[in-house]
Amino acid sequence: MSGDSPDTNIPLPERRPLLKKSRTIADSPTSSTPTWRSFETDSGQTFAFSDRDYVYPSFLGPNTTRNRVTVSPASKSLRKQPPSPSPVRTKYPPAEDRSCTELVPASSVRLPESDNRSERFVNLVPAQTPVSSSVISSRKVHRSRSSLILKLMVVLCLVMGCYLIILQNKVTKLQEKNSNLLRICRNNGNSDNENVIDMLKDESDDSFVYIGNTDSRTAALYTVLVTLVTPFILYKYLDVLPHIKNISKRANNNNNNKEEVPLKKRIAYMVDVCFSIYPYAKLLALLFATIFLIGFGGLALYAVSDGSLAESLWLSWTFVADSGNHADRVGTGPRIVSVSISSGGMLIFAMMLGLVSDAISEKVDSLRKGKSEVIESNHILVLGWSDKLGSLLKQLAIANKSIGGGVVVVLAERDKEEMEMDIAKLEFSFMGTSVICRSGSPLILADLKKVSVSKARAIIVLAADENADQSDARALRVVLSLTGVKEGLRGHVVVEMSDLDNEPLVKLVGGELIETVVAHDVIGRLMIQCALQPGLAQIWEDILGFENAEFYIKRWPQLDGLRFEDVLVSFPDAIPCGVKVASEGGKININPSDEYILKEGDEILVIAEDDDTYSPGPLPEIRRGPFPKKVDPPKFPEKILFCGWRRDIDDMIMVLEAFLAPGSELWMFNEVVEKERERKLVDGGLDISGLENIKLVHRVGNAVIKKHLETLPLETFDSILILADESVEDSIVHSDSRSLATLLLIRDIQSKRLPHKGTGSTPLRVSGFSHSLWIREMQQASNKSIIISEILDSRTRNLVSVTKISDYVLSNELVSMALAMVAEDKQINRVLEELFAEEGNEMCIKPAEFYVYDQEEVCFYDIMIRGRERHEVVIGYRLATAERAIINPVDKGKPVKWAVDDVFVVIALGE
């Protein structure tokens, strides 16, 4: 079935051809013929298109995916037939003027009936995708404006050139008149005209010079004109040059349809790359523009004035340097040129001012943001930022006090101004130590080089305030970055780890330069030691910090050949407690036997005020009198409570298993369900069935809810450890608030229960500590229960200290002290590892009744010798009437009257 279109009267095919990737249209009288639509533009042209133009997406175009037609031999006869009439197409208008394919109305033209419907249909498909007429109009307006501006500038240059030529002709005519007037005056010979002749002669001389330079001035004039016109011509026809060059290539290869980038874009790209890569490109471009303006302006002045070329160049420079120097110019031509030069000079000055301003701003921003390089050596480098940084800086400043201060460089991924503001808020004096902050990443070698990492005497890598595994993974990447420094590292690296299981991998990567301090493990072990021996937290603070006595290792050749018993009393201002044995590869032997003889190369481990405050002296007189030779009482079962769930609680249980006597109980009170606890403990490596000394008792509840705490027999526990719960350990304020609330609730419940309970309901701990007044002061609510709170913030510590209701462990403070001590001397890490471990030597508090009789008067040297008979090293004491212990007493030879309630601090081999 065929029909005529109502608009074009052209017979169309009966059915739509089924094209590839087209929508199938059902055969119906209404859908078998395509609909032709037409519209008339403003210019009167009529455009028509079919609804088949929308069969394919716009980005593909019509008939793009049509299958190739294969002509069979039987159909070849069709080629011999005369071509069938087709719609008459008009010539395509320019690309910017057409919006769709134009078809001439051909009501008289008929399409032949043929079975090949696709061949008849192909002539009706538009050749290209329609374009919006508004887009074309905007393009035409934009191009017409650009062309108009270019033409106006070309006309302006031509007018100026013509005007310069006219001025040149006028000057030439005036010079000719001057020469004629001089010749007439000479012919008259009148004496009155002598002055006029002289004047004209001078001007004639100048004119002769000018006439002699007429060719050069004309050449200068034409050079100026050509220079003015050439940029516009190049801008207009620059893209034509590559096409002219490739005419022969295109003629030889007509099938080369490769798109070529216009020359303008390539030049603009090269300029952009040049300015981006070379930092001084802008300055050189400005210098070239200045020289060009001076030279071009001087040449123009030389063309329109009567001065020499050198004078014109000098005037051009003055116009560029100062825009007001052209005010005294006379004549239209010189004024136009001088104004143009001054305008260019103002533009160049503005560009120069912008470059200088940008350079200064960039430099100031670089200094403000901490991007400049640190030129230091023998400094301490801190990588990272955490809440421990304040305490760490304080300890490093105290350590450097003896040498008049040092330099500490902090590199962190924070803004330099923010870091400096936070450090300025610290409430202590740096005592001559300079703290330099730089913003950057420790994972980038360029930032490490910026802080002189290869010249630092020690590098401290702080743990990040995030998940333990993520923090340790980041520390591992930092260690890898440090090992990649080409210049090598002068000092050692101290890495703060968050999980003990990740420590071997970091040591494997870093090698001998790496010293690790596992903060979580250290605090857990300290809490257990302090729970079993109350008052030990304050002693560890004194030893780890640089404010009082601390560990030092040094070589003293004059002590070679002496027994360790004699070395022990050889230092009036220090207490020897170990030997670094050279014959055993530098192994540190803490608390060696009295018969050990120092050999060449051995070093002495001492506790002293500072590394330059002690030296060996003559041996003092020792009184070896009788003393009470008591043995340590046997261990009794204990009952301990853990409030909260710690990430490494499995390690703490194994330490307790080593310290406690058989029959002890460990109650675990937290919000983790019992099955989940067992799973976590087993995953941590704890063999619950293999515990011999302790029994685990599980209770589920919230430690900050009083009703939950009242379900526990709080008055029966020997020690209570309030742990920083794993769920809030990332927030210091939240964790400390939770610990403080739990502490107050427990003490309140104990104070209400104990008066109604008999003190004999539960036997007291049988040890020397039960007779110490110091211990009884620390137990305000109970005379037998010790509470250890894990505190992370120093401000919370002050609250706990004022209330005197608990002993405490200040986590961040102690870890910062340990990091600072290992940074000053990496050998100390071996000492701390042994003292914190459950095996080997440990720090202990022993009652005075083990060493002296009541009210006996002996000096501290005598106490040290008596301690050696117990295979201990006595390092300090605390009187019953004092508030703090004294480590490394000053006057060791002064007799002191001791009481039974006094205690001594010793280093002894654990059982």
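Note that the coordinates shown come from a computational prediction; the quantities given were computed from them, not determined experimentally.

**Quick notes on the overall build of the chain**
- Scanning the chain from terminus to terminus reveals 27 helices and 24 strands.
- Burial status across the chain gives 45% buried among its 911 residues.
- With an accessible surface of roughly 48,300 Å², the chain has 56% of that area assigned to carbon and sulfur atoms.

**Describing the packing of helix α16 (residues 519-532) against helix α17 (residues 536-544)**
- Orientation of α16 relative to α17, taken along the N-to-C sense of each, is 130°, at an axis distance of 8 Å. On the basis of their axis angle, the class for α16 and α17 is oblique. On the side of α16, the interface is formed by L526, Q529 and C530, while α17 contributes L536, A537 and W540.
- Each residue belonging to the contact of α16 with α17 can be placed in one class, and the counts come to 5 nonpolar, 1 polar and no charged.

**A closer look at the packing of helix α14 (residues 468-483) against helix α15 (residues 503-510)**
- Contact pair α14 / α15: the axes reach a minimum separation of 9 Å and the direction vectors enclose 10°. Here α15 runs roughly parallel to α14, going by the angle between their axes. Of the residues in α15, those touching α14 at L476, V479, L480 and T483 are L505, V506, V509 and G510.
- Here the contact of α14 with α15 is built from residues that sort into 6 nonpolar, 2 polar and no charged.

**Quick look at the nonpolar core**
- Within the largest apolar cluster, 127 residues are counted, with the highest numbers of intra-cluster contacts made by F551 and L721.
- In this structure F551 touches I543, C577, L605, V606, I607, M821, I828, V831 and L835, once residues within four positions along its chain are discounted.
- Counting residues in each nonpolar core, the second largest holds 23 residues, with V453, A456, V479 and I514 among its members.

**Regarding the confidence of the model for the chain**
- Put simply, the chain has an average pLDDT of 76, and 73% of its residues get 70 or more.
- Taken together, the stretch residues 254-258 has pLDDT below 50 and engages in 0 contacts with residues farther than four places along the chain or on a different chain.
- Confidence drops under a pLDDT of 50 for residues 756-780, and excluding neighbours within four residues, the segment shows 47 contacts in the predicted structure.

**What to know about the sheet that holds strand β7 (residues 492-497)**
- Strand order in the open sheet formed by 6 strands is β5-β4-β3-β6-β7-β8, with parallel pairing between adjacent strands. Unpaired on one side and paired on the other, β5 (434-439) and β8 (514-518) mark the two borders of the sheet. Each adjacent strand pair in this sheet contributes to an overall mean axis angle of 20°, direction not counted.
- Where β7 lies against β8, 5 bridges are found, and the strand directions are parallel. When the sheet's bridge partners are listed, V495 is paired in β8 with T516.
- Against the sheet, helix α12 (residues 416-424) makes contact with β4 (407-412) and β5, and its axis sits at roughly 150° relative to β5, the strand it touches most.

**Observations concerning the pairing of β4**
- Counted residue by residue, β4 has 5 buried out of 6 residues, so it is predominantly covered.
- As judged from the 4 bridges shared by strand β3 (residues 380-383) and β4, these two strands associate in the parallel manner. Looking at the pairing, V382 lines up with V410 of β4.
- With helix α11 (residues 389-399) bridging β3 and its parallel neighbour β4, the resulting β-α-β unit is right-handed.
- Judged from the 6 bridges that link them, β4 and β5 form a sheet pairing that is parallel. Among the inter-strand pairings, V409 is bridged to a residue of β5, identified as I436.

**Quick notes on the pairing of strand β12 (residues 603-608)**
- The buried count for β12 comes to 6 of 6 residues, which makes it a mostly enclosed element.
- Side-chain alternation along β12 places E603, L605 and I607 on one buried face and I604, V606 and A608 on a second face that is also buried.
- Here strand β9 (residues 550-554) pairs with β12 via 5 bridges, running antiparallel. Bridge pairing links F551 to I607 in β12.
- When strand β10 (residues 574-581) meets β12, the two strands line up antiparallel, connected through 6 bridges. Considered in β12, the bridge of P576 is made with V606.

**Some thoughts on the pattern of salt bridges**
- A full pass over the atoms with the stated rule returns 29 salt bridges.
- With a shortest N-O distance of 2.9 Å, E595 and R563 are connected by a salt bridge. With E595 in the loop between β11 (587-590) and β12 and R563 in the loop between β9 and α18 (564-568), this pair connects stretches of sequence that are 32 residues apart.

**So, the environment of S737**
- Within the secondary structure, S737 sits in helix α22 (residues 732-753).
- Separated by 2.8 Å, the side chain of S737 and the backbone oxygen of V733 make a polar contact.

**Some thoughts on a negative patch on the surface**
- On the surface, D387, D465, E466 and D730 cluster together into a patch of negative charge.
- By secondary structure assignment, the location of D387 is in the loop between β3 and α11.
- Taking relative accessible area as the criterion, D387 reaches 47% and is therefore assigned partly exposed.

**Some remarks on the packing of aromatic side chains**
- For the structure shown, the criterion picks out 11 aromatic pairs.
- Sitting above the plane of the W385 ring, R414 keeps its charged end 4.6 Å from the centroid.
- Sitting over the face of the ring of F717, K639 holds its NZ or CZ atom 5.2 Å from the ring centroid.

**So, a nonpolar patch on the surface**
- A grouping of I267, Y269, M270, V271 and F275 is seen on the molecular surface, where their side chains present a nonpolar patch of about 490 Å² in accessible area.
- In this fold, F275 is placed in helix α7 (residues 263-277).

**Focus: the sheet that holds β10**
- The 4 strands are arranged β9-β12-β10-β11 in an open sheet whose pairing can be described as antiparallel. Both edges of this open sheet fall to β9 and β11, since each of them pairs with a single strand only. Taking each pair of neighbouring strands and ignoring which way they run, the sheet shows an average axis angle of 30°.

**Observations concerning helix α25 (residues 811-824)**
- Across its 14 residues, α25 extends 20 Å between first and last C-alpha, which sits within 8% of the 20 Å expected from 1.5 Å per residue.
- Counted residue by residue, α25 has 13 buried out of 14 residues, so it is predominantly covered.

**As for unusual backbone geometry**
- Residue N378 is not a glycine yet carries a positive backbone phi of 60°.
- Residue position: N378 is located in the loop between α10 (332-368) and β3.
- On the accessibility criterion, N378 (46% relative accessible area) is partly exposed.
- Residues other than glycine seldom take positive phi values, yet S452 does so here, at roughly 55°.
- Secondary-structure assignment places S452 in the loop between α13 (445-450) and β6 (458-461).

**Some details on the side chain of H698**
- Among the structural elements, H698 can be located in strand β15 (residues 694-700).
- Here R677 takes part through its side chain, which lies 3.2 Å from a polar atom of the side chain of H698.
- Aside from chain neighbours lying at most four places away, what touches H698 is M668, E674 and R677.

**A look at the environment of Q538**
- On the secondary structure map, Q538 appears in helix α17.
- The class for Q538 is buried, based on a relative accessible area of 12%.
- Along the backbone, Q538 and L810 are 272 residues apart, and their C-alpha atoms lie at a distance of 9.7 Å.
- Among the polar contacts made by the side chain of Q538, one reaches the side chain of D542 at a distance of 2.4 Å.

**Overview of the environment of E856**
- Mapping E856 onto the fold places it in the loop between β19 (841-847) and β20 (857-858).
- Separated by 43 residues in sequence, E856 and A899 place their C-alpha atoms 7.5 Å apart.
- When residues no more than four places from it in sequence are discounted, the contact partners of E856 are R623, P626, R866, V896, K897 and W898.
- Within polar-contact distance, the side chain of E856 engages the side chain of R866 at 2.9 Å.

Rules behind the numbers
Residues numbered from 1 in each chain as written. Predicted model: local features only at pLDDT ≥ 70, side-chain atom pairs only at ≥ 80, totals over all residues. Heavy atoms only, no water. Helix = DSSP H or I, 4+ residues; strand = E, 2+ residues; numbered from the N terminus. Buried < 20%, exposed > 50% of the residue type's maximum accessible area, 1.4 Å probe, protein only. Areas by Shrake-Rupley, 256 points an atom, 1.4 Å probe, with all protein chains shown as cover. Axes fitted to C-alpha atoms, helices over the stretch in contact; angles between N-to-C directions. Parallel < 35°, antiparallel > 145°, perpendicular 65-115°, else oblique. Contact = heavy atoms within 4.5 Å. Nonpolar A, V, L, I, M, F, W, Y, C, P; charged D, E, K, R; others polar. Core = buried A, V, L, I, M, F, W, Y, C linked by side-chain atoms within 4.5 Å. pLDDT = per-residue confidence, 0-100. Pairing = 2+ DSSP bridges. Right-handed = clockwise from strand over helix to strand, strands pointing away. Salt bridge = Lys/Arg side-chain N within 4 Å of Asp/Glu carboxyl O. Polar contact = N/O pair within 3.5 Å; in protein donor to acceptor, adjacent residues only side chain to side chain. Patch = residues over 30% accessible without salt bridge, like charges linked within 9 Å, V, L, I, M, F, W, Y side chains within 5 Å. Lys, Arg positive; Asp, Glu negative; His and termini not counted. Charge placed at Lys NZ, Arg CZ, Asp CG, Glu CD. Phe/Tyr/Trp six-rings, centres within 6.5 Å; stacked < 30°, edge-to-face > 60°. Lys NZ or Arg CZ within 6 Å of the ring centre and 35° of its normal. Expected span 1.5 Å × (residues − 1).

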